[in-house]
Amino acid sequence: MSTPAPGRHAMLDEGVPGPFTSLQHALRLLEAVDRHPGGATLVSLARETSLALPTVRRLAEILEVEGYLQCQDGAWVLGGTFALLGQYNREQLVRARLDRKLAELRDELGAAVYFTRYHDGELSVEAVAAAEHAPAVQEWVDFRATAHASAIGKCLLSQLDHDARRDHLSRHPVARLTSRTVVDADQLMHRLERQPATVPVLDIQEYALGTVCAAVPVTAGSTVGCLATSMPLDNVHRLKAAAELLAARAAPLMLAMAV
C-alpha cells in the first residue's frame, strides 16, 4: 500500500501552523471583502474575520501585490485579478457553444457552415462545421487573399468603411480566380458600398468553379463577422432559402456565444 504524501490530507484549520493557516486566513479575508462591494477598512475586516489587525494588514498587502485586493481611499475591495480567473474556461465554453450551434445549423441546411471575422486587417475563418454530407469548400487559394471573390470576404468588406476597404485591396489586390470573378477594383468597391446590410452576399462560382456560397453579417459590439454557407453548384436553387435561414440564425448565434 502506498504511503500518502505528507500533508496531502491535512485539514485546513486554525490549529495547524504554517502555510495552511495563512492560506485559510487569506481565503477568509477575501470572502469578507467580497461581502462589502463598496469596500471595507482593515479594522472592520479584522473584526469580521476574528483575525489580528497585523495579520489582516500583512495578508491584504500581499494580496494587493498579486492583484487580488485593491485599496481605494482606505477601503479594500476585490482586485482585477479576479476578472482574469476562469478566462480560459470561458473561451473554451464559448467555442464549444459556437461549434455546437454551427453543427446544428449545418445539419438543418444540409451544407457546410462557417463563422468568420475581420480582425487586424485580415479575414479569419474562426470555425467551420462540415461533414461528409456537407463538405466544406476546398481552399485552393488562401481565403485571406481572396476576399474580393468569396461571399465571406465581400460580406466582411462591406461592413468596413471606404478607407479600410481600400487598404485591404491595396494589400490583397483583386485577381481572377474564375471567369466570374470581378477583377475591376472600382466596380467591386461600388458593389460593396451599395450592399444593403440586410441582404445576404452571394458568390456564384466567383471563388471556385462548381461552388456557390452565401454570407450574412454577424453584429456583436465592434465585431466585424459573418455567418456563411457553401454548397455544390447543382444546389444553387437552395441558396436563397439557405441565406434567409442564415440571416434568421445570426442573432441567436451571437446570443448563444455570450457568457
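Keep in mind that what you see is a predicted model, and the values were worked out from it rather than measured. Residues take numbers from 1 onward in each chain, read along the sequence in its written order. For this predicted model, a pLDDT threshold of at least 70 governs which residues receive local features, and a threshold of 80 or more governs which side-chain atom pairs are given and counted, while totals over whole chains, interfaces and linings are taken from all residues. Only hydrogens and water are set aside when side-chain values are computed; all heavy atoms of the structure are taken into account.

By the element assignment, Leu29 lies in helix H1 (residues 19-34). For the pair Leu29 and Leu69, spaced 40 residues apart in sequence, the C-alpha separation works out to 9.8 Å. The criterion used for residue contact is that any of the two residues' heavy atoms lie within 4.5 Å. If sequence neighbours within four positions are ignored, Leu29 has contacts with Leu45, Thr49, Val56, Leu59, Ala60, Leu63 and Leu69. Comment: elements are numbered from the N terminus, with helices defined as DSSP H or I runs of at least four residues and strands as E runs of at least two.

This next bit is on the confidence of the model for the chain. When pLDDT drops low, the exact placement of atoms in the prediction is not to be read closely. Known as pLDDT, the predictor's confidence for each residue is given on a scale from 0 to 100. Mean pLDDT for the chain: 87, with 88% of residues reaching 70 or above. Low pLDDT, under 50, characterises residues 1-17; the predicted model gives this stretch 13 contacts beyond four residues in sequence or across chains.

The next subject is the packing of helix H2 (residues 42-49) against helix H3 (residues 53-65). In this analysis, axes come from line fits to C-alpha atoms, helices being fitted only over the stretch in contact, and the angle between any two N-to-C directions falls in the range 0 to 180 degrees. Two elements in contact, H2 and H3, have axes separated by 9 Å at closest approach and are oriented at 115°. On the basis of their axis angle, the class for H2 and H3 is roughly perpendicular. The crossing of H2 and H3 is right-handed. Note on element contacts: H3 touches H2 through Leu53, Val56, Arg57 and Ala60, opposite Leu42, Val43, Leu45, Ala46 and Thr49. Each residue is assigned to one class: nonpolar for Ala, Val, Leu, Ile, Met, Phe, Trp, Tyr, Cys and Pro, charged for Asp, Glu, Lys and Arg, and polar for all the others, Gly among them. For the contact of H2 with H3, the residue count by class is seven nonpolar, one polar and one charged. Here roughly perpendicular refers to angles of 65 to 115 degrees, roughly parallel to angles under 35, roughly antiparallel to angles over 145, and oblique to all remaining angles. Here a crossing is called left-handed whenever its near helix is offset anticlockwise from the far helix by less than a right angle, and right-handed whenever the offset is clockwise.

Relative to strand E2 (residues 75-78), strand E1 (residues 69-72) runs antiparallel, the two sharing four bridges. When the sheet's bridge partners are listed, Gln72 is paired in E2 with Ala75. Paired strands are those between which DSSP finds at least two bridges. With antiparallel pairing between neighbouring strands as the criterion, E1 and E2 make up a hairpin whose turn holds two residues, including Asp73 at a positive phi of roughly 55°.

Moving on, we come to unusual backbone geometry. Residues other than glycine seldom take positive phi values, yet Asp120 does so here, at roughly 55°. Secondary-structure assignment places Asp120 in the loop between strand E3 (112-119) and strand E4 (122-129). For Asp120, a relative accessible area of 69% translates into the label exposed. Residue Gln205 is not a glycine yet carries a positive backbone phi of 60°. Within the element layout of this structure, Gln205 appears in the loop between strand E5 (201-204) and strand E6 (211-220). Only protein chains enter the accessibility calculation, which uses a 1.4 Å probe. A residue is then buried if its area is under 20% of the maximum for its type, exposed if over 50%, and partly exposed in between. Relative accessible area serves as the criterion here: at 15%, Gln205 is assigned to the buried category.

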